[in-house]
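Coordinates in review
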Amino acid sequence: MAALDNLVVTTALPAIRADLGGGLEELEWTVNAYTLTFAVLLMSGAALGDRFGRRRLFIAGLAVFTGASAAAALSPGIDALIAARAVQGVGAAVMMPLTLTLLTAAVPAARRGTALGIYGAVTGLAVASGPLIGGSLTEHISWQWIFWLNVPIGLALIPLARLRLAESTTPGARLDIPGTLLISGGLFGIVYGLVNANSEGWTSTPVLTGLILGTALVAGFVYHGFTNADPMLPMRLFRDRGFLGINLASLLMFLGMFGSIFLLSQFLQGVAGYSPTEAGLRMLPWTGMPMIVAPLAGILSDRVGGRPVVAAGLAFQALGLGWFAAILSTDVSYAAQLPPLILSGIGMALYFAPAANVLMSTVTPADQGKASGTNNALREVGGALGVAVLASVFSAQGGYETPQAFTDGTVPALWIGAAAVALAAALALLVPRKPKNAPVPTPTAPTAPTSTVPTSTVPTPRSGAADKVVAAG
């Protein structure tokens, strides 16, 4: 549910705009209201579960998500939809971090690998099929059904979770309320400034206030992370160049990818003339390719290491976006779009498959929980910034007035997205070749490559789809 509800909205955006009105800024907030609340509350959701009970908070998050889905479907206007999407993000932020913990506790150790594989396959399928499901429901029923779909599932899962999941807590777990308030206010201010810059002017009081105050609050969050005894995000982790490199690469990857999908899904309908279902189908070579390539990428990363595979994946994604920018026109054929779609999908798969192990190799086992939460939160932040930044470029160079105006705005935005992902590929090379927590080999060790991360801590590269979906959220 939570994975589906990010990309499921993209192919419904033109229908939402036609039904509820609103301009580019409101469409941005339809996506970003979800990703922002999810990102800033993600690590707080895990801490709440540790303190008050993981099953209890999972059910609470599920109830909030389900209720907000119904509110989104019943929204009488664009502002009400944005508010409901923000509440959906709150529910997902509480629910999602607890899923793997609850799953691990519910399944015997001997069957845990199979369970994680099923989890990865199901959630990977949700990400891949999001645009297609959103397009099909929008075209054949109505856009409201992309949200109604969650309601019966949520109502069935709440009693099932209460009856079948065991309760667990972590004594002494603490919440970082000051850190949550600082990063929430800071990111909201920055994204607000970026979203409204072109409509209100870069030098207008609301935009400048949002950008300046938001930057100051983020700086305060960084300072808090250095000085607080137990912060939400320990800034000491970023002193490791590998941790810094893979996290900045993740943020930039999502900035380029989500911003581009936001515009291209609308291009396929508004300019190329495809129906919502046809647009969703035509996005599958990009969003669905990881389902095919990720297992091969996992094997490759076992043989040559995760760093070159991640860097190559980011490079392919950058090339795919650049290729799109080079060929995009009002009369571009789908045959011309197919190669960059496939290249982008391969790049996405090569990045996601080994990313979890690359991240975990930069920290000690004691820090792996916070490292994973940090990376997932930064990915969501990158997605929100990507929609805001690329839409701002689009608005400055084009608009919705004509197909040519939409194309004129999309092309430079895609070049910005490609540049962001290319920079991510360079940053991925900061990751050291030798993992920090690599096991010491013994004379009796097998000659076949093995994972450098304990299997009880994180999934193997072949389970990378699960990590992908927590981020896509």
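Keep in mind that this is a model prediction, so the values were computed, not measured. (Residues numbered from 1 in each chain as written. Predicted model: local features only at pLDDT ≥ 70, side-chain atom pairs only at ≥ 80, totals over all residues. Heavy atoms only, no water.)

So, on to the overall build of the chain. Along its length, the chain carries 18 helices and 0 strands. Looking at the chain residue by residue over its 473 residues, the buried ones come to 57%. For the chain, restricting intrachain contacts to residue pairs at least 6 apart in sequence, the fraction spanning at least 24 positions comes to 83%. Total accessible area computed for the chain in this model is approximately 18,500 Å², and 67% of it derives from carbon and sulfur atoms. (Helix = DSSP H or I, 4+ residues; strand = E, 2+ residues; numbered from the N terminus. Buried < 20%, exposed > 50% of the residue type's maximum accessible area, 1.4 Å probe, protein only. Contact = heavy atoms within 4.5 Å. Areas by Shrake-Rupley, 256 points an atom, 1.4 Å probe, with all protein chains shown as cover.)

Here the focus is the nonpolar core. Side chains that are nonpolar tend, in soluble globular proteins, to be buried together. If you look at the biggest cluster of nonpolar residues, it comprises 127 residues, and the most contacted ones within it are Phe262, Trp286 and Leu314. The biggest single contributor to this core is helix α11 (residues 241-270), with 16 residues. Each residue touching Leu314, except ones within four places of it in the same chain, is listed here: Ala249, Met253, Gly347, Tyr351, Val421, Ala424, Ala425 and Ala428. (Core = buried A, V, L, I, M, F, W, Y, C linked by side-chain atoms within 4.5 Å.)

Looking now at helix α5 (residues 78-106). End to end, α5 covers 40 Å across 29 residues, agreeing with the expected 42 Å (1.5 Å per residue, within 8%). Along α5, the helix axis deviates most sharply at Thr99, where the bend reaches about 35°. (Expected span 1.5 Å × (residues − 1). Bend = angle between axes of the 7 residues up to and from the residue.)

Given two aromatic rings, their pairing is described by the distance between the two centres and the angle made by the two planes. For the structure on display, the rule yields 8 aromatic pairs. Measuring from centroid to centroid gives 6.3 Å for Tyr34 and Phe38, while their planes differ by 10°, and the two rings are stacked. Note that Tyr34 and Phe38 are positioned in helix α3 (residues 24-52) at a spacing of 4 residues, about one turn of the helix. No difference in accessibility class separates Tyr34 from Phe38, as the two residues are buried. An aromatic cluster is defined as three or more aromatic residues linked by ring pairs; in this entry it consists of Phe394, Tyr400 and Phe406. (Phe/Tyr/Trp six-rings, centres within 6.5 Å; stacked < 30°, edge-to-face > 60°.)

Bringing the packing of α11 against helix α12 (residues 276-287) into the picture now. Two elements in contact, α11 and α12, have axes whose closest approach is 9 Å; the angle formed by their N-to-C orientations is 140°. With respect to each other, α11 and α12 are oriented oblique. The chirality of how α11 crosses α12 is right-handed. Between α11, through Met257, Ser260, Ile261, Leu264, Leu268 and Gln269, and α12, the contact on the second element is made entirely by Pro276, Ala279, Arg282, Met283 and Trp286. Looking at side-chain class alone, the contact of α11 with α12 contains 8 nonpolar, 2 polar and 1 charged residues. (Axes fitted to C-alpha atoms, helices over the stretch in contact; angles between N-to-C directions. Parallel < 35°, antiparallel > 145°, perpendicular 65-115°, else oblique. Left-handed = near helix turned anticlockwise from the far one by under 90°. Nonpolar A, V, L, I, M, F, W, Y, C, P; charged D, E, K, R; others polar.)

It is worth spelling out the environment of Ala355 at this point. With respect to the helices and strands, the residue Ala355 is situated in helix α15 (residues 334-360). Ala355 sits in the buried class, given a relative accessible area of 2%. Along the primary structure Ala355 and Arg307 are separated by 48 residues, whereas in three dimensions their C-alpha atoms are 8.5 Å apart. When near neighbours in sequence (up to four residues on either side) are disregarded, Ala355 contacts Val310 and Arg379.

We now examine the side chain of Gln317. Here Gln317 lies in helix α14 (residues 306-327). Using a relative accessible area of 0% as the deciding quantity, one classes Gln317 as buried. Here Gln317 is in contact with Met253, Met257, Trp286, Ser344, Gly347, Met348 and Val421, once residues within four sequence places are set aside.

This part covers the environment of Gly179. Following the sequence through the fold, Gly179 ends up in helix α9 (residues 177-200). For Gly179, a relative accessible area of 0% gives the class buried. Expressed as a C-alpha distance, the spacing of Gly179 and Pro231, which sit 52 residues apart in the sequence, is 6.9 Å.

A cluster of nonpolar side chains, Val64, Val87 and Val90, forms an exposed patch at the surface whose accessible area comes to about 180 Å². Assignment of secondary structure puts Val87 in helix α5. A residue is classified by how much of its surface remains accessible, and Val87, at 39% relative accessible area, is partly exposed. (Patch = residues over 30% accessible without salt bridge, like charges linked within 9 Å, V, L, I, M, F, W, Y side chains within 5 Å. Salt bridge = Lys/Arg side-chain N within 4 Å of Asp/Glu carboxyl O.)

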